[in-house]
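Coordinate inspection notes
Now for the letters of each chain:
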Amino acid sequence: MARRAVTRGQLAGAARAALGGGRRLEAVERVAGGSKKGVYRLVMDDATTAIAYLWDDAENYWPAAEGDDDLTDPFSPGLGLDLFQAAHARLDTLGVRVPAIRLVDRDGAHCPADLVIVEDLQGENLEELLARDRRTAAPVMARLAESLEAMRGHRAPAYGKVAVVDAGGTSRGTSCEGVVLDRALRDLTEAASRDQRIAGTRDRLEERLLSLAAAVRPRAEYAVVHGELGPDHVLVDTDGSPVAIDIEGSMYFDVEWEHVFLRIRLHDAYRPLEVDGLDEDRLALYMLAQRLSLTAGPLRLLDGDFPDRAFMAGIAEHNLRQALDLVHT
């Protein structure tokens, strides 16, 4: 689906309500990223800025799939205002820095889509900072480690999306590892349908997934995880504090899921975030599962009109090769 342009007129009232002070909305600029929602910078006539998030079908590049709206599936798309607000409240309570909310519109007062306006943090994200200067990034990484510790220390007796668990709900399946295995097998099927290299190794990959899952021992408590905490999802504020964004997918889950994703995204820069006591069996299962997810997901996204196609194809290719390496070594 081609995205429609959001106009200044559509967001002018919301911008005034959020930022006040007699300001007038001067410009609306689409911010790079945001494959599931629209992300726009609002620029007022006095140079004050804010960020608008819009959840609307026309802002979602992902092809629709059965179960997308099933919130009892921890891995269903993190779409919508309810998920954002629940995750924002939980992370803020834990002392994890998230963008401050300026306005919430769920009733269509300003826009027909779910809308949130938050503070604008215009500095580098962690990915850019690490690439520019590892030494300058060191205190930011140390503070990120503290945030992860706070999230790891908050436990729940059930797993699932923060919005579901904090409301007393339950999620599908019987365990995190079971949910991951089911998803990985679906990702394997989908990836095999799109790439002959995966298709030719499908039986070995499936056997490896089943073997790794069988080795995982039961667990009865779960920590708060972001779910996709790549360095591009961490902004750095003027005080040098890490700020988590794209938080809608936050959930109670095995902390190993978070650390596998961090290892994949950060490579050797992950070391300051290392912690003791992680379950090696879960790490092994989740590594293969995430490699398959990062193959199947980008290939699925390319079925639509996602604009940066070379970048997304590169993610799929890299993770495809990594998945194959896990069964060839």
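Residues numbered from 1 in each chain as written. Predicted model: local features only at pLDDT ≥ 70, side-chain atom pairs only at ≥ 80, totals over all residues. Heavy atoms only, no water.

1. Here's the deal with the packing of helix H8 (residues 202-214) against helix H10 (residues 280-301)
Where H8 contacts H10, the two axes come as close as 9 Å, and the packing angle between them is 145°. With respect to the hand of their crossing, H8 and H10 are arranged in left-handed fashion. Contacts between H8 and H10 involve Leu-205, Arg-208, Leu-209, Leu-212 and Ala-213 on the former and, on the latter, Ala-284, Leu-285, Leu-288, Ala-289 and Leu-292. A class-by-class count of the residues in the contact of H8 with H10 yields 9 nonpolar, no polar and 1 charged. (Axes fitted to C-alpha atoms, helices over the stretch in contact; angles between N-to-C directions. Helix = DSSP H or I, 4+ residues; strand = E, 2+ residues; numbered from the N terminus. Left-handed = near helix turned anticlockwise from the far one by under 90°. Contact = heavy atoms within 4.5 Å. Nonpolar A, V, L, I, M, F, W, Y, C, P; charged D, E, K, R; others polar.)

2. What about unusual backbone geometry?
Its identity as a non-glycine residue notwithstanding, Ala-47 has a phi of 75°, on the positive side. A positive phi angle, close to 50°, is found at Asp-246, a residue other than glycine. Topologically, Asp-246 is positioned in the loop between strand S10 (242-244) and strand S11 (251-253).

3. Side note on the sheet that holds strand S6 (residues 155-156)
One open sheet holds the 4 strands; their spatial order is S6-S8-S11-S7, and the pairing between them is antiparallel. Both outer strands of the open sheet, S6 and strand S7 (160-161), are each paired with one neighbouring strand and no more. The pairing of S7 with S11 spans 2 bridges and is antiparallel. Counterpart to Gly-160 in the pairing with S11 is Tyr-252. (Pairing = 2+ DSSP bridges.)

4. Regarding the packing of H10 against helix H11 (residues 309-328)
Axis separation between H10 and H11 bottoms out at 8 Å; the angle between their running directions is 150°. Put simply, H10 runs roughly antiparallel to H11. With respect to the hand of their crossing, H10 and H11 are arranged in left-handed fashion. Across from Met-287, Leu-288, Arg-291, Leu-292, Leu-294, Thr-295, Pro-298, Leu-299 and Leu-301 in H10, the residues of H11 making contact are Met-312, Ile-315, Ala-316, His-318, Asn-319, Leu-320, Gln-322, Ala-323 and Leu-326. Class assignment of the residues belonging to the contact of H10 with H11 gives a composition of 13 nonpolar, 4 polar and 1 charged. (Parallel < 35°, antiparallel > 145°, perpendicular 65-115°, else oblique.)

5. Focus: the side chain of Ser-250
Here Ser-250 shows up in the loop between S10 and S11. Residue Ser-250 is classed as buried on the basis of its relative accessible area of 1%. One polar contact links the side chain of Ser-250 to the main-chain carbonyl oxygen of Ile-247, over a distance of 2.8 Å. When neighbours within four sequence positions are excluded, Ser-250 is seen to be in contact with Ala-87, Leu-91, Lys-161, Val-162, Val-225 and His-226. (Buried < 20%, exposed > 50% of the residue type's maximum accessible area, 1.4 Å probe, protein only. Polar contact = N/O pair within 3.5 Å; in protein donor to acceptor, adjacent residues only side chain to side chain.)

Worth remembering: the numbers are spatial, not functional.
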